Amino acid sequence: MTTTPINPSQTATQPDSLGRFGQFGGKYVPETLMPALSELETAYQRYKNDPEFLEELNALLRDYVGRANPLYFAERLTAHYGKPDGTGPQIYLKREDLNHTGAHKINNALGQALLARRMGKQRIIAETGAGQHGVATATVCARFGLDCVIYMGVQDMERQALNVFRMRLMGATVQPVEAGTGTLKDATSEAIRDWVTNVETTHYILGSVAGPHPYPMMVRDFHGVIGQETREQCQEKWGGLPDILLACVGGGSNAMGLFYEFVRDASVRLIGVEAAGEGEGTLKHAATLTKGRPGVLHGAMSYLLQDEEGQVTEAHSISAGLDYPGVGPEHSYLKDSQRAEYYSVTDAEAVEAFQRLSRLEGIIPALETSHAFAYLETLCPTLEGSPRIVINCSGRGDKDVQTVAKYLEGNG
Amino acid sequence: MPTVSDCFSKLRAKGQCALIPFITAGDPDLDTTAKALEVLDQAGADIIELGVPYSDPLADGPTIQAAATRALKRGIKLEQVLQVVQSVQGKIAAPIVLFTYYNPIFYRGIEQFLDQVAAAGVKGLVVPDLPLEEAEGLLIPAKERGIEVVLLVAPTSPRERVEAIAQKSQGFIYLVSVTGVTGTRTEVASKVKDLLPNLRAVTDKPIGVGFGISQPEHAQQVKNWGADAVIVGSAFVQRLATGKPEEGLKAIAEFCQNLKSVISV
């Protein structure tokens, strides 16, 4: 297998030396962590083009994760959105759900674990919302014999009990976080406090394109393989570019992984879909980019859900992985520079899409991923001709069946 | 009310170490906060750090997190905290330093925030999630309004950073004694003994040591190692939050006197 650099030089935006994408990003962390962030950045810069590192990473991505995963033509979903005149969008799924552990999260967890080993850190911590990043991290820690502590909100532990069991099965300690709403925001804060305390021995595998520099850049690059494979597969299938890329956005890692490769291809529309929870007009949503204002959370400046006092407000989504009041800074940059578009769909719309994809394609998507599928309902009627849409099918939905069953019972 | 720097100059002339207690504003309520400021001032506090409750206090351990959560549940707002600061002007001698995370400052707008806190009589700011690289935009406009922004040095900070931080810090330099968050610990990290002279070698500004100092013996230890100020937070917050407000006030008064007497020896 060839050892392509993680971050091909022809690709687009790089953060500046302070880790800023325009006004967004940066490093807003306690002084104690500043040297660790510099150390991490130095290590990342050193290894990201190192042939030995890339060879190990790529071999594991192939043999352990199962990459490259397919770009699948969703025939019946395409027919569902077809117009009477025979035109209509051609819908393809980038099958990240077929990765080992069932989601895209492993791309980054694996990359960071290899980095941590080279930095001599034997203890790994991570935060998790839906549990997919926690599972991915527990998995790579088991694979490399690293000590692993996963911070998870108590509410999320309840709604994602299956993933809690999986993490423990692989030898990780799952640390319940009761603060706040007991969701991803609180778990992330607690993971950062652990890192402040144990920074000399511990690497923090942050699971999204959020947090202080260099995380947004590094996590994006480790997921960049999604977009790179997509480009090649589009080339193979129809000899061109996709017209539209569609992905769900919580922190935004699967979307950034797909988008980044295509940021410079002006003809490609980039669309991110956030969680509107019970509706944007209510207080119970997680539509950070659509409804938030710039602010600082977990070490980065980005769009943020906050009140009139600058206090971070509670997000809400049926999907634990999107239930976060912040978003990765590069998404804020892509929004303000109008390179990408961001919309939101409600819990109800996501649950409908969850069922629709299951029935039409025999693929049960994660609730997070279902948000991207739900937006097809709004998007498809507006499209002319037969544009090619690639949706990041970022995770599988086995973990969500109980949540959906309960939701349908309550709303049926 | 004198500035933080004035306060240190006076103490230095007398060869004294400053005592800086920390309390969270609005816990258990704003009346008690106002009374606590007066009580601490009378009980020997030289400077008082007043914490503005925040939803995501990354640098704080369980005690101060819980105090902030309680205060926010009561609906405490920055303006109310500043009214308390204003209400004690002329009544207390100790300058007040506001401890606040960055987002509430940024949300309001740096200039507007500084105008408001300056008008209330705040003399200094500690912003624990604003490291040197991000602090520039706050340091200059604060200085113009007579507010000193205190920067933090950590045990993990390499020498070049320590120098740069020491150079930019105003009022004093906040030396974080532990690799970790705020909260009481059974002993003071012995590392402080080495950190203090290293910091002293690059600056003549006053040095305050905080995080994890909770007992008179700790305070004495830190003073003997050469600190210009001892900062005690969670131990005060805990005492003030225990029992009825009058009991809490009595407890912090005694504790403050105790601390002051051991570092005045």
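Now for a description of the structure that goes with this document. (Residues numbered from 1 in each chain as written. Chains lettered and ligands numbered in written order. Predicted model: local features only at pLDDT ≥ 70, side-chain atom pairs only at ≥ 80, totals over all residues. Heavy atoms only, no water.)

**Description of the interface of chain B and chain A**
Spelled out, the test is: What makes two residues a contact is simply this: any of their non-hydrogen atoms within 4.5 Å. Defined here as a combined quantity, buried area equals the accessible surface (1.4 Å probe) lost by two parts on assembly, summed across both. The term salt bridge refers to a side-chain nitrogen of Lys or Arg lying within 4 Å of a carboxyl oxygen of Asp or Glu. In the analysis that follows, any N or O atom pair within 3.5 Å is treated as a polar contact, provided that within protein one partner can donate a hydrogen and the other can accept it, and provided that, for residues neighboring in sequence, both atoms belong to side chains. A run of H or I in DSSP becomes a helix once it reaches four residues, and a run of E becomes a strand once it reaches two; helices and strands are each numbered from the N terminus.
On the side of chain A, 37 residues touch chain B, which itself brings 36 residues to the contact. Between chain B and chain A, a total of about 3,000 Å² is buried, with carbon and sulfur atoms accounting for 53% of that surface. Contact with chain A buries area across many residues of chain B, yet Leu58, Tyr107 and Glu134 of chain B alone supply 26% of it, more than any other trio. For the pair chain B and chain A, the number of links is five salt bridges. The salt bridge partner of glutamate 309 of chain A is arginine 108 of chain B, with a shortest N-O separation of 3.2 Å. At the surface where chain B touches chain A, the tally comes to 19 residue pairs in polar contact (both at pLDDT 80 or more). Broken down by secondary-structure element, the contributors of at least two residues to the side of chain B that touches chain A are helix 3 (62–73), helix 5 (102–108), helix 7 (132–144), strand 5 (148–153) and helix 8 (159–168) of chain B.

**Some remarks on the side chain of asparagine 254 of chain A**
Residue and element names in this part refer to chain A. Tracing the backbone through its elements, the reader meets asparagine 254 in helix 10 (residues 253–259). A distance of 3.2 Å separates a polar side-chain atom of asparagine 254 from the backbone oxygen of cysteine 248. In this structure asparagine 254 touches His104, Ile226, Ala247, Cys248, Asn392 and Ser394, once residues within four positions along its chain are discounted.

**Digging into the pattern of salt bridges**
This is how the line gets drawn: The buried label goes to any residue with under 20% of its type's maximum accessible area, the exposed label to any with over 50%, and the partly exposed label to all in between, with areas taken from a 1.4 Å probe on protein chains only.
For the coordinates displayed, the defined rule picks out 41 salt bridges over all chains. Note that lysine 91 of chain B is salt-bridged to glutamate 38 of chain B, the shortest N-O span being 3.9 Å. A residue pair is termed long-range when its members are at least 10 positions apart, and lysine 91 of chain B in the loop between helix 4 (78–87) and strand 3 (96–99) and glutamate 38 of chain B in helix 2 (residues 30–42) qualify at 53 residues. Given a relative accessible area of 25%, glutamate 38 of chain B falls into the partly exposed group. Salt bridges here are not isolated pairs; linked through shared partners, they connect Arg67, Lys94, Glu96 and Glu229 of chain A.

Without other data, these values stay purely geometric and don't point to any function.
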